[in-house]
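Notes for the structure review
What follows is the residue order along each chain.
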Amino acid sequence: MTGIPASAAGGSSRPRGAASAPGTPGIAAMSGSKAGKGSSGTPAARSAQSPDAPGSSGALDEARAPRGGKLTAAAVNQASVWNVANLLTMLRLVLVPGFVALMLEGGGYDPAWRSLAWAAFAIAMITDLFDGHLARTYNLVTDFGKIADPIADKAIMGAALICLSWLGDLPWWVTGVILGRELGITLLRFLVIRYGVIPASRGGKLKTLTQGVAVGMYVLALTGWLATLRFWVMAAALVLTVVTGLDYVRQAIVLRRRGIAERRAAAEEAER
């Protein structure tokens, strides 16, 4: 006999790492239960908690996203103010004092200065057609544009009408009717905005175009049949101004009644 059998020595005849007898928890089972509870010292646990782990990097990025997202959104909103649509609106605002200066230069009756004033007025009216289209088409609508665009429109038209009436080329009552309608409809839009938005109608767009052509013809020092033509164009602009103004009032009344009715229906439904 060269050795003592393993069973006689009190050991196990099974190979190391083999499963234990039934009813006796083995080393593998015990180690498995420990692994199930998890240990921060194990390589697997450390890799799961590590920021470099594939699953944890997304979670950390999401946790950090709100702050960075807010900063990015603020930066985009700040930069969007300087888009091309708003720049055209700013140009119209800058043209207003320039137009007034050109209009009144040389006593207000010099054909050369009046032609330059007409050029400034024409540029302002043309940019008015493009800035809104660009803002809607390329999603460049900003809070600044919503406020500045109607101000620029009213400013250039109001400046032209007041200058013409000041120089005696246009009766003051015409200026009063046009400006009164424009300011009144703008105020009306703000009053009913809680119930909805009054959309711009085709008549309103035609009114704006006719007003621009009529005022532009009065800015120019026209004589003869052109002077007679501008009178009739201005008359058409006045008719469109009054008719579309009354239509906007009607739309505002309908919109308000509908909004009140919807609120009452919603309140009654909530009480049930």
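For the structure, check the block above.
1. Digging into the packing of helix 4 (residues 84-104) against helix 5 (residues 111-137)
- Where helix 4 meets helix 5, the axes come as close as 9 Å, and the angle between the chain directions of the two elements is 160 degrees. By the angle class used here, helix 4 and helix 5 are roughly antiparallel. The way helix 4 lies across helix 5 gives a crossing that is left-handed.
- Looking at side-chain class alone, the contact of helix 4 with helix 5 contains 18 nonpolar, two polar and four charged residues.

2. Points about a nonpolar patch on the surface
- Nonpolar side chains collect at one region of the surface, where Leu104, Ile162, Trp166 and Trp172 lie side by side and expose about 480 Å² of accessible area between them.
- By the element assignment, Trp166 lies in helix 6 (residues 143-166).
- Relative accessible area serves as the criterion here: at 67%, Trp166 is assigned to the exposed category.

3. Some points on the nonpolar core
- Counting 30 residues, the largest nonpolar core has Phe99, Met103, Phe121, Val215 and Met234 as its most contacted members.
- Breaking this core down by element, the ones donating at least two residues are helix 4, helix 5, helix 6, helix 7 (172-191), helix 8 (202-219) and helix 9 (225-271).
- With seven residues, helix 6 is the single largest residue contributor to this core.
- Non-local contacts of Phe121, meaning those with residues more than four positions away in its chain, are made with Phe99, Ile156, Met157, Ala160, Gly212, Val215 and Gly216.
- If you look at the next biggest cluster of nonpolar residues, it comprises seven residues, including Val192, Ile198, Tyr248 and Leu255.

4. Let's talk about the pattern of salt bridges
- Throughout the structure, instances matching the rule amount to eight salt bridges.
- When the shortest N-O distance is used, the salt bridge between Asp169 and Arg114 registers 2.9 Å. Placement of the pair is Asp169 in the loop between helix 6 and helix 7 and Arg114 in helix 5, with a sequence separation of 55 residues.
- Classification of Arg114 as buried rests on a relative accessible area of 4%.
- Because the salt bridges share partners, they merge into one network encompassing Arg92, Asp128, Asp131, Asp149 and Asp153.

5. A word on the environment of Tyr195
- Here Tyr195 is to be found in the loop between helix 7 and helix 8.
- Separated by 61 residues in the primary sequence, Tyr195 and Arg256 place their C-alpha atoms 5.9 Å from one another.

6. Brief notes about helix 8
- The first and last C-alpha atoms of helix 8 sit 26 Å apart over 18 residues, in line with the 26 Å expected at 1.5 Å per residue.
- Close packing links the buried residues of helix 8 with helix 4, helix 5, helix 6, helix 7 and helix 9.

7. Describing the packing of aromatic side chains
- According to the stated counting rule, one finds two aromatic pairs in the structure shown.
- Ring geometry for Phe99 and Phe121: centres 5.9 Å apart, planes at 45 degrees, overall tilted. Of the two residues, Phe99 is situated in helix 4 and Phe121 in helix 5; the sequence distance between them amounts to 22 residues.
- Ring plane angle 80 degrees and centroid distance 5.2 Å describe the contact between Phe231 and Trp232, whose orientation is recorded as edge-to-face.
- Since its relative accessible area comes to 46%, Phe231 is described here as partly exposed.
- Classification of Trp232 by relative accessible area gives exposed; the value is 57%.
- Geometry around Tyr248 places Arg189 over its ring, the cationic atom sitting 5.0 Å from the centre.

8. A word on a positive patch on the surface
- A cluster of basic side chains, namely Arg194, Arg256, Arg257 and Arg263, defines a positive patch on the protein surface.
- Taking the relative accessible area as the measure of exposure, Arg263 reaches 49% and is therefore partly exposed.

9. Details of the packing of helix 5 against helix 8
- Where helix 5 contacts helix 8, the axes come no closer than 9 Å and their chain directions differ by 170 degrees. Comparing the axis directions of helix 5 and helix 8 gives the class roughly antiparallel. Residues Arg114, Ala117, Trp118, Phe121, Met125 and Asp128 of helix 5 form the contact with helix 8, whose own contacting residues are Thr208, Gly212, Val215, Gly216, Tyr218 and Val219.
- Here the contact of helix 5 with helix 8 is composed, by residue class, of seven nonpolar, three polar and two charged.

10. Quick word on helix 5
- Its 27 residues place the ends of helix 5 39 Å apart at the C-alpha level, agreeing with the 39 Å of an ideal helix rising 1.5 Å per residue.
- Note on helix 5: the residue one or two positions beyond its end, Asn139, has a positive phi of about 55 degrees.

Scoring rules and cut-offs
Residues numbered from 1 in each chain as written. Predicted model: local features only at pLDDT ≥ 70, side-chain atom pairs only at ≥ 80, totals over all residues. Heavy atoms only, no water. Axes fitted to C-alpha atoms, helices over the stretch in contact; angles between N-to-C directions. Helix = DSSP H or I, 4+ residues; strand = E, 2+ residues; numbered from the N terminus. Parallel < 35°, antiparallel > 145°, perpendicular 65-115°, else oblique. Left-handed = near helix turned anticlockwise from the far one by under 90°. Nonpolar A, V, L, I, M, F, W, Y, C, P; charged D, E, K, R; others polar. Patch = residues over 30% accessible without salt bridge, like charges linked within 9 Å, V, L, I, M, F, W, Y side chains within 5 Å. Areas by Shrake-Rupley, 256 points an atom, 1.4 Å probe, with all protein chains shown as cover. Salt bridge = Lys/Arg side-chain N within 4 Å of Asp/Glu carboxyl O. Buried < 20%, exposed > 50% of the residue type's maximum accessible area, 1.4 Å probe, protein only. Core = buried A, V, L, I, M, F, W, Y, C linked by side-chain atoms within 4.5 Å. Contact = heavy atoms within 4.5 Å. Expected span 1.5 Å × (residues − 1). Phe/Tyr/Trp six-rings, centres within 6.5 Å; stacked < 30°, edge-to-face > 60°. Lys NZ or Arg CZ within 6 Å of the ring centre and 35° of its normal. Lys, Arg positive; Asp, Glu negative; His and termini not counted. Charge placed at Lys NZ, Arg CZ, Asp CG, Glu CD.

Such coordinate-based values are descriptive only and should not be taken to indicate function.
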